[in-house]
Amino acid sequence: ELKLIRSVLGEDHTEGDLYIDGDWECFTLEDVVRAPGEKIPGDTAIPAGCYQVLITHSPRFNRDLPLLTNVPGFSGIRIHSGNTAQDTEGCILVGRKRIPGAIQGSRAAFDPLFYKLQTALICGQVWIDVS
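Now for a description of the structure that goes with this document. (Residues numbered from 1 in each chain as written. Predicted model: local features only at pLDDT ≥ 70, side-chain atom pairs only at ≥ 80, totals over all residues. Heavy atoms only, no water.)

1. Notes on the packing of aromatic side chains
Working step 1: A complete count under the given rule lists two aromatic pairs for this structure.
Working step 2: Note on Trp24 and Phe27: the rings are 5.0 Å apart at their centroids and 70 degrees apart in plane angle, and the pair reads as edge-to-face.
Working step 3: Residue classification places Trp24 among the partly exposed residues on the basis of a relative accessible area of 39%.
Working step 4: Centre to centre, the rings of Phe110 and Phe114 are 5.4 Å apart; their planes meet at 20 degrees, and the pair counts as stacked. Separated by four residues within a single helix, Phe110 and Phe114 lie in helix α1 (residues 106-123), roughly one turn from each other. Phe114 shares its class with Phe110; the two are buried.
Working step 5: Across the ring face of Phe74, the terminal group of Lys39 is positioned such that the distance to the ring centre comes to 4.1 Å.
Working step 6: Cation over ring: Arg63 sits above Phe114, and NZ or CZ is 5.5 Å from the ring centre. (Phe/Tyr/Trp six-rings, centres within 6.5 Å; stacked < 30°, edge-to-face > 60°. Buried < 20%, exposed > 50% of the residue type's maximum accessible area, 1.4 Å probe, protein only. Helix = DSSP H or I, 4+ residues; strand = E, 2+ residues; numbered from the N terminus. Lys NZ or Arg CZ within 6 Å of the ring centre and 35° of its normal.)

Below is the structure:
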């Protein structure tokens, strides 16, 4: 089970921490959290909630990536590498280091996370709780 805890709700980004089965995994960066029902396409974080995570092929990145399913008002929400809110388009970015308004070490955070998700999906379902 993944848990994303949003800790900093900035004017142009959202910072958080990602946990796997209660253990800290990495930092996260998302777009701005907006009021329920308010959405600016490509510039709004997904609503808090619990979503199933699958690994599917991303045409945009031309590789397999984690996909959050059944996100109200959103489609194609993935977990992937990137550094700033401009890289998110609603998705969840992961990183090893947090700097003001951005994250670094994104690929170093993504690769072990992706391996853990692949392994977990062999045995069953994976869910992410975003709060």
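2. Points about α1
Working step 1: Between its terminal C-alpha atoms α1 stretches 26 Å, which fits the 26 Å expected from 18 residues at 1.5 Å a residue.
Working step 2: All of the buried residues along α1 are Ser106, Ala109, Phe110, Leu113, Phe114 and Leu117. Burial along α1 is one-sided: seen end-on, the buried residues are contained in an arc of 120 degrees. Exposed residues pointing more than 90 degrees away from the buried face of α1 are listed as Tyr115, Ile122 and Cys123. (Expected span 1.5 Å × (residues − 1). Arc of directions from axis to C-beta.)

3. Quick notes on the environment of Ser106
Working step 1: By the element assignment, Ser106 lies in helix α1.
Working step 2: Separated by 102 residues in the primary sequence, Ser106 and Leu4 have C-alpha atoms spaced 16 Å apart.
Working step 3: The residues contacting Ser106, other than those within four sequence positions of it, are His80, Ser81, Gly82, Asn83, Val94 and Gly95.
Working step 4: A polar side-chain atom of Ser106 sits 2.6 Å from the main-chain carbonyl oxygen of Val94. (Contact = heavy atoms within 4.5 Å. Polar contact = N/O pair within 3.5 Å; in protein donor to acceptor, adjacent residues only side chain to side chain.)

4. Thoughts on the pattern of salt bridges
Note that side chains of opposite charge can pair when their charged atoms are close.
Working step 1: Counted according to the given criterion, the structure contains seven salt bridges.
Working step 2: Between Arg34 and Asp43 there is a salt bridge, and its shortest N-O distance comes to 3.2 Å.
Working step 3: When its relative accessible area of 21% is taken as the criterion, Arg34 is described as partly exposed.
Working step 4: Taking the relative accessible area as the measure of exposure, Asp43 reaches 31% and is therefore partly exposed.
Working step 5: Put simply, Glu15, Asp17 and Arg98 are held in one network by salt bridges that share partners. (Salt bridge = Lys/Arg side-chain N within 4 Å of Asp/Glu carboxyl O.)

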